[in-house]
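# Working through the structure, step by step
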Amino acid sequence: KAKDSGRNSYQLYTAEMNVVAMDRLLTQNYLRSALQQDEFELFYQLQFDSISGQVVGIEALLRWNHPELGYVSPAYFIPMAEEIGIIVDIDRWVLRQACKQRKLWQRLGLEDVRVSVNISALHFRHDLIKSIKLALKETGLDPRLLTLEVTEGCLIENIEQASKTLTQANELGIKNSIDDFGTGFSALSYLTQLPFDTLKIDAGFVRKLPFDQQECQIVATIIAMAQGLNLGIVAEGVETREQVDFLTKKGCSVMQGYLYCKPANAESISAQLFGLYGQSSANVAGVRSNV
Ligand code: C2E
Ligand code: MG
Ligand code: MG
Ligand code: MG
């Protein structure tokens, strides 16, 4: 009897593993055709200054909606896209789409606020500047409205190459931001060597504020360091008023998080940017059909 149930649970286990493996293969196959099938959409999340209440930045965040799988998280499909070698194509699509949308918002009167685009490590190392120039040319976007978000993973392999790429971006008028700061394993010295403009405090540190003494100390130290290095600071994953108060008091006033704005499609973000709430939705739809 015991043997039977043991064997059954073993079978169940392998069956589940097979399902997981099948799912992965299936998802990979679906992912390969997602670009052609037009299944990607860019969401945007507004960044606010906690003191002035103004919108000071917009991050573009990729969404994949498959007819059968439904919504798939980028945390799951981006690493997969890297594995199957299509991440650079996806990144280029994102870059172009974000530039196109930002150009449209400029036509509608939004000045000065930059759109941030996440750059994968592979794209960063393979002709990123060429992709950027092409996207700018195709969309007519002023490079002064673009920010790149790179993670520490982009930097470790070849620091000279990284420095060159970031410098070239700066020379075009683009700003460079270091994403998920503190989660990688790189030496702090790269921060002073590389031309970064902004540092994003990872949501993992923000989450426990202001009740965890250690996290408070880490965040205060990151902010002090960024200020010392003359870097702008953005806090990610801000969900509570207490977090805002702590961060603002320590000197970080740019907030990105659900408390201020949830990532949403261009239509919804347009409504938030231009206060189109309550007006004819044709206005908003009109915004979208031009994209
Ligand atoms: P990230 O660049 O650090 O983006 C911030 C993530 O935090 C986003 O997750 C966003 O939706 C989420 N977030 C924002 N505010 C809050 C909050 O208050 N609470 C919580 N719990 N989460 C919040 P998302 O959109 O799922 O993206 C995950 C990651 O996938 C991104 O992290 C980025 O590394 C990557 N990614 C997203 N879009 C792209 C893209 O277009 N290209 C590339 N290469 N990577 C992307
Ligand atoms: Mg980011
Ligand atoms: Mg981040
Ligand atoms: Mg992240």
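See the structure printed just above.
The sections below set out a description of the structure shown in this document. Values in this document were obtained by computation on a predicted structure and should not be read as measured data.

## Quick look at the coordination of the magnesium ion (ligand 3)
Protein coordination at the magnesium ion (ligand 3): the donors are Asp179 (OD), Asp180 (OD), Glu236 (OE) and Glu236 (OE), at 2.0 to 2.4 Å from the metal. Each donor residue of the magnesium ion (ligand 3) lies on one chain, and together they are spaced D-D-x55-E. Residue classification places aspartate 180 among the partly exposed positions, given a relative accessible area of 24%.

## A look at the packing of aromatic side chains
All told, the structure shown has six aromatic pairs when counted by the stated rule. For the ring pair phenylalanine 48 and tyrosine 260, a centre distance of 5.5 Å and an interplane angle of 25 degrees mean the geometry is stacked. Highlighted residues: phenylalanine 48 in strand β1 (residues 40-49) and tyrosine 260 in the loop between β9 (254-255) and β10 (264-265), separated in sequence by 212 residues. Under the relative-accessibility criterion, tyrosine 260 is labelled partly exposed at 22%. The structure contains a cluster of three or more aromatic residues connected by ring pairs, namely Phe40, Trp64, Phe77 and Trp93.

## Concerning the nonpolar core
Judged by nonpolar contacts, the single largest core of 78 residues is most densely connected at Leu31, Leu146, Leu155, Phe196, Ile201 and Leu247. Among the elements that line this core, the one with the most residues is helix α3 (residues 87-107), at eight residues.

## Some remarks on the site of ligand 1
Neighbouring residues of ligand 1: 21 residues in total, closest Arg63, Asn118, Asp179, Glu239 and Tyr258. Between ligand 1 and glutamate 59 there is a distance of 3.0 Å, counted from an oxygen atom to a side-chain nitrogen or oxygen. Within the side chain of asparagine 118, a nitrogen or oxygen atom sits 2.8 Å from an oxygen atom of ligand 1. Look at ligand 1: alone it shows 800 Å² of surface, and the protein chains cover 81% of it.

## Some details on unusual backbone geometry
With an omega of -5 degrees, the peptide bond between leucine 209 and proline 210 qualifies as cis. With respect to the element layout, proline 210 can be found in the loop between α8 (203-206) and α9 (213-228). Residues other than glycine seldom take positive phi values, yet aspartate 38 does so here, at roughly 60 degrees. Position of aspartate 38 relative to the elements: it lies in the loop between α1 (2-34) and β1. Despite not being glycine, aspartate 112 has its phi angle at roughly 70 degrees, a positive value. As for its position among the elements, aspartate 112 is in the loop between α3 and β4 (114-118).

## Here's the deal with the layout of surface pockets
Of the pockets and cavities examined, the largest pocket occupies roughly 1,000 Å³. Glu59, Leu61, Pro74, Asn118 and Asp179 are, among the 37 residues lining the largest pocket, the residues nearest its centre. In terms of residue class, the lining of the largest pocket is made up of 18 nonpolar, eight polar and 11 charged. As a volume, the second largest pocket reaches approximately 340 Å³. For the lining of the second largest pocket, the secondary structure elements donating two or more residues are β2 (55-66), β4, β5 (146-150), β6 (175-181), β7 (198-201) and β8 (232-235). Of the residues assigned to the lining of the second largest pocket, the class counts are six nonpolar, seven polar and six charged.

Rules and cut-offs
Residues numbered from 1 in each chain as written. Chains lettered and ligands numbered in written order. Predicted model: local features only at pLDDT ≥ 70, side-chain atom pairs only at ≥ 80, totals over all residues. Heavy atoms only, no water. Donors = N, O, S within 2.8 Å, 3.2 Å for Na, K, Ca; no water. Buried < 20%, exposed > 50% of the residue type's maximum accessible area, 1.4 Å probe, protein only. Phe/Tyr/Trp six-rings, centres within 6.5 Å; stacked < 30°, edge-to-face > 60°. Helix = DSSP H or I, 4+ residues; strand = E, 2+ residues; numbered from the N terminus. Core = buried A, V, L, I, M, F, W, Y, C linked by side-chain atoms within 4.5 Å. Near = heavy atom within 4 Å. Polar contact = N/O pair within 3.5 Å; in protein donor to acceptor, adjacent residues only side chain to side chain. Areas by Shrake-Rupley, 256 points an atom, 1.4 Å probe, with all protein chains shown as cover. 1 Å grid on protein atoms, 1.4 Å probe; cavity = no way out; pocket = protein on both sides within 12 Å on 5 of 7 lines; lining within 4 Å. Points joined across faces, edges and corners; volume = space filled by probe spheres on them. Nonpolar A, V, L, I, M, F, W, Y, C, P; charged D, E, K, R; others polar.

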